Every structure is written in C-alpha cells, then in structure tokens.
Amino acid sequence: MSSSTQDLIPQLNLGSTFGALFIGVTIAAILFGVTNVQAFIYFQTHRDTGRTFYKLVVIGLWILDALHLALIVHCVYYYLVNNYGNISALTEIVWSFKLQIVIDAPIIYGVHLLYVYRIWIVSRGRSRAFPIAASIIVTIASGVAITLVWAIYQCHVFTDFLNIEWTAYMTLGTITLIDLVIASSLCYLLATSRTGFSSTDSLITKLMSYIINTGCLTSICSMSIMITCAAMPRNFIFLSLEFLVAKLYVNSFVALLNASYYLQPNPGTTNSSEFSMRHAVYRPELHVRGSQDEELQVSRKNTFKDPDGKVAHSTQSVTRPIEVTVEMNSFSSV
C-alpha cells in the first residue's frame, strides 16, 4: 500500500468525498435534462429560420455537454461500483476525471467567445472597445486554462491536488472576471439603447436582468469552488461543484438564444409600433412597409389639419421604433 494511501485512509470520509461526487453527478444530470429542454425549445422556435451556424453551435454544445456527463458518470461508477471496498483505488485519479476537465475548457471558453460575438453585434455602429477588451481577456484566460489542464495531468493521486491549487484559483478567477466583463458590457450597451418608449425600455430592462442573473449564476458557482477548495481542500465538495460549471454555461447561453421565446409579449397585446421580440422569422421589409403606410396616413391627416405641412414629429415617432426593433432582434433572435 502506497504512502499516499496510508495518509488518506485515516482521513477518508465517504460522505464528504465520493458521496459529494455522487451528489454532484446527480445534479449535473438534472442540468443536462434542462439543456435538452432548452435545445428542444430553440429548434422548435427556429426551425423555419436559416441560421445554420447557431444551430450547429447548439448541437456542438449539446454533444460536449453529453460527453462531459458521460465522463463524470464513469468517474463515479469507477470509484463506487468497480472498486467497491478497494481503498487503494480510491486514492488514484481515474482517466475520465482528467478528461472531463479537458472537456470543460472548450465548453466554457467557447461560450465566452459566443458572448463576445453577441457584444460585437450589439455594439454595431458604436465603439468596439467592449468586444475587443473582452476578446483579449478571453484569449489570456484560455492560456491559464491550458496551464490547469497540464497541471491536472501531472497529478496521479488526489493528494497531489494540494500542490496545484494555485492553477485552479487562477483559472476560476479569470472565468469570474470574464463573466463580469461580459455581463457589464452587454448591460451597458443595452442601457444606452433606451429610447423613451415604455414597451421597448421595459423589454430592455427584462433582458438586462436576464443577463445579470445568468452571469451571476456562473460566477457564484466559480467562486463557490474557490471558497470550498480553500476552506476544505481534503474533501471533494469543490470537485462536485466543478461538475456543474460546464452545465451552467451551456444552459445560460442556450437560454439567451431562447430569450425571444421567453420575453415575447402576449398575443393580441402588441401593435406595429411596439417592440417585437417574437420567435418567428423577422422580416424587416414588412415592418418598414407597414410603418410607411402608417406614416403616409398620418402625413395625409396632418396635411389637411396643418397647412404648413409640419409632419416631422410623426415621421420621427414611427422611424425610431423600427431602428430599435432591428437592433434588438439582432441581439436576441440569433
């Protein structure tokens, strides 16, 4: 029996070690079920659209998420079933545990890059400082993640994690920073898009709160891993929380793609001048044509009422909501 095994046996508490991993896998499986629902809603609401890129993105994230779940299930099955009663095997790190951390990297940083692309779209016609800054931070953070993966593959038993805690802190810290930068950038760009129209401003506020909530959820999970790792480094509670990070990122991004479905107004309560966030195919030429008809009718009425022909106010009130509708549809309906 190795010395690492002898050191671990007196301190081994199955409840806070492999029991915590089992609970983490159970919650991760529930989150994967939520991912399935989110993906189903996305394909149902976008089945008639030609956005092939984002359909492939959702499929790719689903495949990576399913692979991640299979790896962590194998990890727990290996320790609790295949090696039941074999204490020496419980100290060794199985290959599936290392590989699931490798899968975490493309999921988390891939979602970050997709968020940066969202920032790029929303900032169209304005300063590109926000998407450029976020891209630089994501690129640097990916290098930190590679360092963590390399350090994980140098470990052979769980007690070796005590020597590479600094890499976990760096990685989780940069992930939290990226979440903060992305959420604040999107909220700032949306806040500066307010027009004074109550319906538009209300939906912008809802979208901002939606972004903040999803960003806080992933950030809280990352910070919880850091806190539990620092406070309880000799149990596996922080590892069970690590099982959930990738699932939360996939769910948060696919939920953002479905924002137009969740935030759509009730049928029969909207009109052509209100903000449109429907999940159907957006056709700007129909909106423009309808608004032009309204503008023509208003201008005719004002021509009879005002001999000076002052119709500038009615034209402005019709044109501005169209611009906001196009901008917001480009953000939420992807």
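Residues numbered from 1 in each chain as written. Predicted model: local features only at pLDDT ≥ 70, side-chain atom pairs only at ≥ 80, totals over all residues. Heavy atoms only, no water.

Just checking my understanding: could you explain the overall build of the chain for this structure?
When helices and strands are tallied, the chain shows 12 helices and 0 strands. Going from N to C terminus, the chain has its helices and strands arranged as α-α-α-α-α-α-α-α-α-α-α-α. Buried positions account for 46% of the 334 residues belonging to the chain. In the chain, of all internal contacts separated by at least 6 residues, the share reaching a separation of at least 24 is 76%. Carbon and sulfur atoms make up 66% of the accessible area of the chain, which totals about 16,500 Å². (Helix = DSSP H or I, 4+ residues; strand = E, 2+ residues; numbered from the N terminus. Buried < 20%, exposed > 50% of the residue type's maximum accessible area, 1.4 Å probe, protein only. Contact = heavy atoms within 4.5 Å. Areas by Shrake-Rupley, 256 points an atom, 1.4 Å probe, with all protein chains shown as cover.)

Would you take a moment to explain a nonpolar patch on the surface for this structure?
On the surface, a cluster of nonpolar side chains totalling about 540 Å² of accessible area is made up of Phe-22, Ile-23, Ile-27, Tyr-77, Leu-80 and Val-81. Among the elements of the structure, helix H2 (18-45) and helix H3 (52-82) are those that each provide at least two residues to the nonpolar patch. If you trace the backbone, Val-81 turns up in helix H3. (Patch = residues over 30% accessible without salt bridge, like charges linked within 9 Å, V, L, I, M, F, W, Y side chains within 5 Å. Salt bridge = Lys/Arg side-chain N within 4 Å of Asp/Glu carboxyl O.)

What should I look at first to understand the packing of H2 against H3 in this one?
Think of two packed helices as two axes; the pair is described by the angle between the axes and how far apart they sit. Interhelical geometry of H2 versus H3 gives an angle of 160° and a closest axis separation of 10 Å. It follows from the interaxial angle that H2 and H3 lie roughly antiparallel. Seen from above, H2 lies across H3 with left-handed handedness. Here the contact of H2 with H3 is built from residues that sort into 21 nonpolar, 2 polar and 2 charged. (Axes fitted to C-alpha atoms, helices over the stretch in contact; angles between N-to-C directions. Parallel < 35°, antiparallel > 145°, perpendicular 65-115°, else oblique. Left-handed = near helix turned anticlockwise from the far one by under 90°. Nonpolar A, V, L, I, M, F, W, Y, C, P; charged D, E, K, R; others polar.)

Please clarify how the side chain of Asp-179 should be interpreted in this entry.
The residue Asp-179 is located in helix H7 (residues 165-191) in this model. Among the polar contacts listed, one links the side chain of Asp-179 to the side chain of Tyr-249, at a separation of 2.6 Å. (Polar contact = N/O pair within 3.5 Å; in protein donor to acceptor, adjacent residues only side chain to side chain.)

Can you walk me through the packing of aromatic side chains in this structure?
The way to describe two aromatic rings as a pair is by their centre distance and the angle between their planes. What the rule picks out here adds up to 16 aromatic pairs. On the numbers, 6.0 Å between centres and 75° between planes, the contact of Phe-97 with Phe-158 is edge-to-face. Separated by 61 residues along the polypeptide, Phe-97 in helix H5 (residues 95-122) and Phe-158 in the loop between helix H6 (129-152) and H7 bring together distant segments of the chain. Consider the rings of Tyr-115 and Phe-253, whose centres lie 5.5 Å apart with planes at 85°: the pair is edge-to-face. Of the two residues, Tyr-115 is situated in helix H5 and Phe-253 in helix H9 (residues 237-257); the sequence distance between them amounts to 138 residues. Of the two residues, Tyr-115 and Phe-253, neither departs from the other in class, the shared state being buried. Ring pairing ties together the aromatic residues Phe-18, Tyr-78, Tyr-79, Phe-97, Phe-158, Phe-161, Phe-236 and Phe-243, which thus form one cluster. The ring of Trp-120 has Arg-128 lying over it, and the distance from NZ or CZ to the ring centre is 3.9 Å. (Phe/Tyr/Trp six-rings, centres within 6.5 Å; stacked < 30°, edge-to-face > 60°. Lys NZ or Arg CZ within 6 Å of the ring centre and 35° of its normal.)

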